[in-house]
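# What the coordinates show
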Amino acid sequence: MSTKIVTARVGVKDSHTIAAYIEHGGYKALRKALLEMTPEEVQAEVTASGMLGRGGAGFETGRKWSMLKQDLVKYLVVNGDESEPSTFKDHLLVENDPHQLVEGTLITAYAIGASRAFIYLRGEFAFGLERVQAAINEAYAYGAVGGNIFGSGFSVDLVLQPGAGAYICGEETALIESLEGKRGYPRIKPPYFPAVIGLYGAPTIVNNVETMSNVPWIVTNGGKAFAALGKGRSTGTRLFALSGDVMRPGNYELEMTSKTFRELIYDSDLGGGLKEGRSVKAVIPGGVSAPWIGPDNLDLPLGQDEVAQAGSMLGSGSIIVLDDHSCAVRAAWRITKFFNRESCGQCTPCREGSGWIEKIMHRIEMGSGTESDLDLVLDACDNIAPGLTWPPQQTTICVLGPSIPSSVVSAIKMFRDEFMIHIKEEGCPFVH
Amino acid sequence: MSFFTPENLEKAKVLVGLYPDRRSALIPLCHLAQGQRGHLSHEAIEEIAELLEIQPAEVMGTASFYDMLHTEDVGKYLVGVCTNVACLLGGGQELLDHASDVLGVSPGGTTEDGMFTLEEVECVAHCDKAPCAQVNYRYFGPLGNGDFDTLVDDLKNDRLSESVPPHGVLSRVFRDAPPMVPLEIIHQERRKMDEAKKARLAAQNPDAGGKQ
Amino acid sequence: MSTDAPQNLITISVDGKEIHAKSGELLIEAAEKAGIFIPRFCFHNRLPQVGVCRMCLVEVKGPRGFALQPSCYLPVADGMEVITDSEKVKKAQDGVLEFLLINHPLDCPTCDKGGECPLQDQTLTFGPGESRFIEEKRHWEKPIAISKLVFLDRERCIQCDRCTRFADVVAGDALIEFFGRGDHTEVNVFPERPFTSYFSGNTVQICPVGALTASPYRFKARPWDLSQVESSCTTCSMGCRIMVQSSQNQLTRYLGLDSDSVNHGWLCDKGRFGFEAVNSPERVTAPLARKDDDYVETTWAGALSQVVEKIGEAKAAGDSHRIGFILGSRLTNEDMYAWVKLAKGVIGTDNVDLNMGDGLKGSIVAGLPRATINEAVSSKAILAFTGDIKEEIPVLFLRLREAVKAGRTKLVTIGTRANSLDGLSEATARIGIDELKSFARGLLKDGSEFGEIGAVLSSQGVGSDGDGLVVLLGRENLSVDQSVAEAFALELARALPKARFLITLRSTNFSGGTDLGAAPGLLPGRSLLGDVSEALAERWVTTPSHAGLSVEGMLKSALRGELDLIFVVGADPRADFIDSELANAALDEVDFVVSVDTYMSETSSRADLVLPAAAFAEKSGTTTNFEGRIFTLNQKVTPPGVCRPDWIIASEIALEMGEDLGFGSSSEVLDEIAAVSQLHWGLSWSRLTAAATVEGALVPLSPTALSIRRRAMLDQVSTPGIASVWNQGLAQSKTAYLDVDSADGSIDPASRAVQGIGLPEPLWPMEAIQPAGSLSLDYIRKLYSRGEHLTRSPHLSELIVKPKCRISYDTAKQLGVKTGESVRIIDTGGGEASFEAEVDDAVKEGAVELIHGSFLVSGFSPVRADKAVNYVKVERA
Ligand SMILES: Cc1cc2nc3c(=O)[nH]c(=O)nc-3n(C[C@H](O)[C@H](O)[C@H](O)COP(=O)(O)O)c2cc1C
Ligand code: SF4
Ligand code: FES
C-alpha cells in the first residue's frame, strides 16, 4: 500500500468531525507550527517538500509563498472552485476531511502572515459548504482559529465563501474578483501574480484545496519526507480523478510517477480496465484544457514533466478515458460547448471564437459539415492560440482562451478520418 | 419595507461584517435571498444593493454572471443533468433526454405545477458517478432511467425533504463565530499601506498629469 | 541604449525604428506619437485600461522571444522591442476583427454610426471581403430606451466596456452594467432604474459602434453630411471644448473635445443636447414692438430709432443714470465689450451689471487671486465653500472627482447644507452663517473649532499662509446673501494670503463680463472706474463719472421710479433674478424696457421692444471661463430671420446715436479689447485660431500660453463625422505642435502681468435673527432647473425638475406631512405658494429645500433681496 497523505482519513467513521480528526492526529501540525516553529521555518519545510500546486498550473508552492510581496496587509485564498470537467478530487476532500483543509489553511496563513484567510468553495458543493462551515465552527470553538490561536499570539480569521456557478472563477484572478463581489473576470496581466497585487489590491496567496490539505502532513513529517516520495519535480502523492470509459472510475491517491497511465487504467485496484473487448482510443489528462494523448503514450508515468514532455499536461490530475466506441468529434464538440458556456465574455477571441467553433463542431457532428470546415475551425483556433503550439500562445487575457483549441486540434489531428466519415456520411457513425 | 426577514437581515449584517470590503458579501447575500424566496427577486437585489452601498445594476450585473443565481422564478426542485464529457461517455445526453420526457419540459423549462425546473449542466465534479444529476445542488448518480424515475417520485412525495431542501437553500450551516481580528485593524493597516504606495508613486512621477 | 534620448525619455524600438517615449507611457500612445497607429476599440486615454478587445495586439520581445501583447495595456520600458507590422500581428488583428463581426448585425445602412464607425472603417480597410460565418447570429431586441436621452442596441455592442467604465469610474453613476456571461453578455440597466446620469451623453460619444445612440441625434443626419467647427460650450462657466456639427444649416450634434486643461473630452448632457434650443422654432426672428398687449414686427431701422429716442428722453429727464443695462452671462466677450462700451463709453452710465443676485460682486471677483482647474486638482488641498458643483458645473465635478479618487489632492467642504462634493471630501463641516467669520479667521491656527478640517489641510502640507490651498468659492446656499460669501472670501484672502481661488459661479461668462467691465465700478481689464488708460481714453467718448448700480440696485431704483430705460441683453431677470418679486415689480415700473433676446422669455414677453439676437453657433467670438481662460466660439449656422449678434446691435445703436464704436467684425472687437485692456494684451483672433488650441488662452497671457499646445484631438475610435476614415489611419500630423509665438514676433507678457485690483475690507452683514416658527431655507440649483435653454430643447425639457419642497423626517413629522402631500410656504414678504413635499433625510433638520428656477409664482419669492439670510414658514396645506 503506498503512502496516503490527503486521503488517509477517508473512510474513517465521521471523518468530517473534529473529534474524529483529533483522534487521528488532527491539529497537531497546527500546534507544532504555531508553538514550535517560526513562519519562516514552516515556509522552509514547504519549500523543501518541493510540492507543486495541485490546482492545475503546477507551480511550486514554496516558491509562490516566497514571492509574496511583504506588506502590512496580506491575504490567503484557498481555491476550492473545482470546476474543470472531470476533476472531482477537491470534492472528496472537502466533504470527507474538511478539518485537514482548515488546518492546512491555518498553517499557511501563519506561514505567510495573512491578515485574513478565505476558502472559496464552488457554489454547487452544497454539502461541502455545510461540511466546511461546520468544521470552521468547530475549529473556532476548539480555539484553532480566531484570536490568539492555541495561546501562540497568532490570530487569524477564516471565512468560507461560496461561489455561485461559474467555471472561470477557478482561475485565480477571476476568483479574487468574485470574492470581491464582482463578475468573475480574470485580471489582465501584468501583474502576473496575485502575490504582488491580489485581493483588495493586497498581496495574496491563492492555493488549491489539495495543496492546502497536504500542508499538515508536511509540517508533521517534514518537507524531506514529502520530497522523498515521487521523482524529479513530481514529489509527494497526488489525487488522480479517473473517469470516462473505465470500469472503476474514482479518486486514487498515488505516489507521483509511481504508476503509468496504463496501470492507473487497468490495475484491478485502480481503474479496473475497460469494458469487455474495448481498447483505449484516447486519454485526456489534466482536465479538458489539456491536449489529448493516444494509446501510444499509455506507458508514461503519472508525473508532471513526463506528461509535459508528451505535449500535454497533468493539470488538475483528472484523467478521462475514451474507448474505441466513443466518438472523438462528439467529445471534442462537447468540450468546446463547455468552454463557450463558461467563457467569461471579457475578451473578444474567447467570447466570440468559442461560440463559433462550437457551432462548427456541432454542425460536423450532426452531419452537415464540409471538409473546408476543418480548415476553418483550425484557423479560428489559430486566431485564439496562434501557432496551435503547446504550451500555447494566446490572443486572449487568460488561458481559458487557448484551452479551447486543445481538444479540437487534438481530435482533428488524431482522428481526421473520423471527421471525414461524419462529413461524408452526413452524420455520426457511433451509436450513443 | 424590507425584503429580508428580520432573522435573515441579521445574518446579512453578519455576512457584510466578514469582509474588509463589504461588496464581497454580494454572492453570500444573493444566496441568502434565494434561500428565502427561491430566486433572486428585484426587491431582494435592491435591498442587497443598499446593504452593500452600491447600485442595483451592479448587483444585477454581478449576479447575472453566475449560473446559480436566478433572477426569475424556478421550480422548487432544480434538476440539473450533466452532459459534460465524462457523463456524456456514460450516457448523460440520454439521461437528459429521458428527464425531459419524464418531466415534460425541455432543458430550461419549468413544470406547470412549479415543482421542477430542468437544466443541462456542466460538470458538477461527480464524474465517478456518471451519468449524474443534481437536485438543488445535491448529487445523485450513477442514474439509469429507472433510478431517475424513482428520484423524481421520491421528490414528488417528499421522501427526500431531509437531504434536498427547496431551491435556494444552499448551506444550512451558518457561521456561529464573529471574526476575532477586528476589521478596523485591517482597515488601518490598509490605509497605511495605501499612503505609502501613493507616496512612492508621487516620488516616481512628480508631474502626474490629468490622466486617470 | 537611451544615451541619445532627451532627458526623462527612454528609447524603444518599434518596427526597427527607434522612438523616444516617456517612461511608463502606454505603448499604444507612444507608438501613436511616433506616427504608428495601432488599431483599437476598448482603449480610451481618459479611462483606466482594460485590454479586453484585443484589437491592439502587437509583438513584444520578452524573455521567451516575441509574444503578442495588448499595446494599450503595456507601459513602455527602456529598450523594449516591438513589432506592429508582422504577418503574425496582422493575422491576430484580422482574427479579432472577424470575431467581432460574426455576431454584429451589419445593419450599417440604418445605423447612426454608419460612416463614422471604426468597426466599419477597419473592416473596409483591412477586413476580408466575405464572411466565413454562416451560422445564426446572436439576437437581441433592437434598440431599447435606457433613458430619455439614450438608446441601446445590444446587437451592435462589441463589449468594449467603454460606456460601463465611464459610467462607473468617471461619472460615478454605475447605472449601466454588463449583465450575463460569455457571448450572452449585454449592457443594460436595472429594471425601472434608467440611466439618469448627468453625463450619459459621453457614453454615446465614446461608444465605438452604434450600440448607444442619443435620442436628440438619432436619424438626424448621416455623418458624411455633417460639417463641423470647434467651439466651446456656453451652458455654464466651465467652457468645455466642443465640436459643433451641423447639417443643412441646422445644428445636429455637439461632441466633447479633449482638452487637458478643461474637460478631458467630457460634457454634461445639458450642454451636449442643448443645441436643440438653437434650432427651436420659437426663436424671435425679427424686432418686435409692443402694441397694447401684443407685439408687431418692425424693422431694424424703426426699432433702432425708437431705442435712440428713448435714450434721448431718459437723458433729458435727468442724466444717463436713469438708464440701466442688465447683461446676460451668455454674451460673448465681444458682446460684453460692445455693450459696456455703449453704456459706459458712449452713454456714460455705470449702471451695468450681470449679477442676478446669484453671483458675487464684480470688483471682488476681479480682485481675488485666481487658480486654474489644473492647479486646483493638483493642489495640496481644496477647500470648497460653493454651490453644488455637480448641479452647477458638472464637468468640473468630474475633474475634481477624478483627482480626489486618484489621490492627487484632498478636498474638504464647508457649508450650511449637504452637497455632492461631500462624498469626495476628507472632512466636512456643516457650518452656521454666524460661524463663518471665526472659521475663516481661525483656519490653520491653533485652537480652531474646525480642527478636523485644519488637520486635513495641515497634514497635506498647506502652509499657514495658505500656500498650496485652492478655495472653491461660489454661492453655497442662495438663501444667504452674497455679502456673506464675499466677506468670507475676503477674510480668507487676508488670513491666508497665498491661498488661491476658483470662482465657481455657474453663470456662463461672468468672468469675461467682469474682466470687460460689465459690473458697476469696473472698466475693461479688471480695473477700477478711475483707472482710465490712455488707450481707453482714445477710444471711448466718455467714461462714467461715478459708480453705478448692480442689477439689484437697478431694480430697487426702478421700483422707486428712478430708472426710465432698461436694456436687458441676453438675460431674463423676471425669471432668474434671485428675488423674482423685486424683479417683476421693478420691471413693471420702468417706462421702457428693451430686451435683446433669442426667445420670448418671461422678460422679453413683457418688454416694450424686443430685438432678435443671434444664438450660440450663429456668431463667432470668444468666451472666458471661470478660470479666466479664453476660448473661441465659432459660427456654424446662419441665424434665422434678421437676428444679429449682440455686439452688432450695440454698434448699431451707437451709430444711430451718431457714434461709431469702431469695429466692424468680432475680431476687430477683440483687437480693441486687447488694446484697451492690459489683461487681454497680446490676444487676437488670428492668434487664438492659428494656435487652434483646445486649451484656450489663459489671461493674462504667459510666455507659453499659446506656444506649445497640442491641437484638438478626438478620441480616435469615436472620431465623429466626416473625418472618421481619415482619422483612423492618421497620427502625427494631427497632433503637430504649433509654435505661434515664433511665427508671430515676440511676446513679453511678464512685464505686463496684471495684478488683481485691491481687495476691500471684509464687510460682514448684520447677524440675522430667525423669526419664531420659521425654518431655514436651502435655496439651491439643479442641473435641470428650468431655463430657456431647457424649455426650448425638446428632449431636455422632459428632464426639467418638478417644483418640489424637500424636508427632513423630523420636520415632516412635526408638520404631519408625508411625501407626495402638499405644503404651503410663506416667504418673509408674506408671499405664499404650495409645493409637493418630499421627505428626505439628506435635508437637515429645521430646514426646507426649494429649487431656484423650478417655480414662478406671482407674489412669492422665498429669497428677498434685502435679507442677509432668508427664513420661511411652512404649513400643511
Ligand atoms: C480557466 C482556469 C480554471 C481554473 N480552475 C481551477 C480550479 O477549479 N481549482 C484550482 O485550484 N485551480 C484552478 N485553476 C488554477 C488557478 O488559477 C491557480 O493556478 C491555482 O488555484 C493555484 O493553486 P496551486 O498553486 O495550489 O495549484 C484554474 C485556472 C484556469 C486558467
Ligand atoms: S480568455 Fe475567455 S475566460 Fe479568459 S478572460 Fe478572455 S473571455 Fe474571459
Ligand atoms: S485590448 Fe487594447 S485597445 Fe482593446
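Our structure is the block above this text.
These remarks concern the structure in this document. (Residues numbered from 1 in each chain as written. Chains lettered and ligands numbered in written order. Predicted model: local features only at pLDDT ≥ 70, side-chain atom pairs only at ≥ 80, totals over all residues. Heavy atoms only, no water.)

Counting residues at the interface gives 38 residues for chain A and 36 residues for chain C. Taken over both partners, the interface formed by chain A and chain C buries close to 3,000 Å², and the fraction arising from carbon and sulfur atoms is 52%. Across the chain A-chain C interface, the total number found is 6 salt bridges. Here R181 of chain C and E342 of chain A are joined by a salt bridge, their closest N and O atoms 3.2 Å apart. Our count for the contact surface shared by chain A and chain C stands at 20 residue pairs in polar contact (both at pLDDT 80 or more). Elements with a minimum of two residues in the side of chain A that touches chain C: α13 (328–342), α14 (348–366) and α15 (371–382) of chain A. With 10 residues, the top contributor of residues to the side of chain A that touches chain C is α14 of chain A. (Contact = heavy atoms within 4.5 Å. Buried area = accessible area lost by both parts, 1.4 Å probe. Salt bridge = Lys/Arg side-chain N within 4 Å of Asp/Glu carboxyl O. Polar contact = N/O pair within 3.5 Å; in protein donor to acceptor, adjacent residues only side chain to side chain. Helix = DSSP H or I, 4+ residues; strand = E, 2+ residues; numbered from the N terminus.)

The next subject is the site of ligand 1. All names here are of chain A. As a structural note, the neighbourhood of ligand 1 is formed by 19 residues, with G55, K64, N79, N208 and T211 the closest of them. Within the contact set of ligand 1, an oxygen atom lies 2.8 Å away from a side-chain nitrogen or oxygen of N79. Measuring from an oxygen atom of ligand 1, one finds a backbone N or O atom of E172 at 3.0 Å. The element that contributes the greatest number of residues to the shell around ligand 1 is strand β4 (residues 204–208), accounting for 3 residues. (Near = heavy atom within 4 Å.)

Across the boundary between the two partners, chain A contributes 76 residues, which contact 59 residues of chain B. Contact between chain A and chain B buries roughly 5,300 Å² in total, counting both sides, with carbon and sulfur atoms accounting for 57%. Seen at the junction of chain A and chain B, the total is 7 salt bridges. Ionic pairing is found between E130 of chain A and R138 of chain B, a salt bridge with its closest N-O pair at 3.4 Å. The tally of links between chain A and chain B comes to 33 residue pairs in polar contact (both at pLDDT 80 or more). Where the side of chain A that touches chain B is concerned, the elements lending two or more residues are β2 (116–121), α7 (126–142), β3 (158–162), α8 (172–179), β7 (237–244), β10 (318–323) and α13 of chain A. Grouping the constituent residues of the side of chain A that touches chain B by class yields 36 nonpolar, 22 polar and 18 charged. (Nonpolar A, V, L, I, M, F, W, Y, C, P; charged D, E, K, R; others polar.)

The next point concerns the sheet that holds strand β3 (residues 133–135) of chain B. All names here are of chain B. An order of β2-β1-β3-β4 is seen for the 4 strands of this open sheet, with the pairing classed as mixed. Strand pairing shows two members of the sheet lacking a second neighbour, β2 (116–121) and β4 (138–140), which therefore form its edges. Neighbour-to-neighbour, the strand axes of this sheet turn through a mean angle of 25°, independent of strand direction. Note: strand β1 (residues 77–82) against β3, 3 bridges, orientation antiparallel. Considered in β3, the bridge of G80 is made with Q134. Helix α6 (residues 92–103) rests against β1 and β2 of the sheet, and its axis sits at about 165° to β2. (Pairing = 2+ DSSP bridges. Axes fitted to C-alpha atoms, helices over the stretch in contact; angles between N-to-C directions.)

Taken together, 13 residues lie near ligand 2, and C344, C347, C350, C398 and G401 of chain A sit nearest. For the shell around ligand 2, the residue count by class is 8 nonpolar, 5 polar and no charged.

Everything listed here is a matter of geometry and, on its own, says nothing about what the molecule does.
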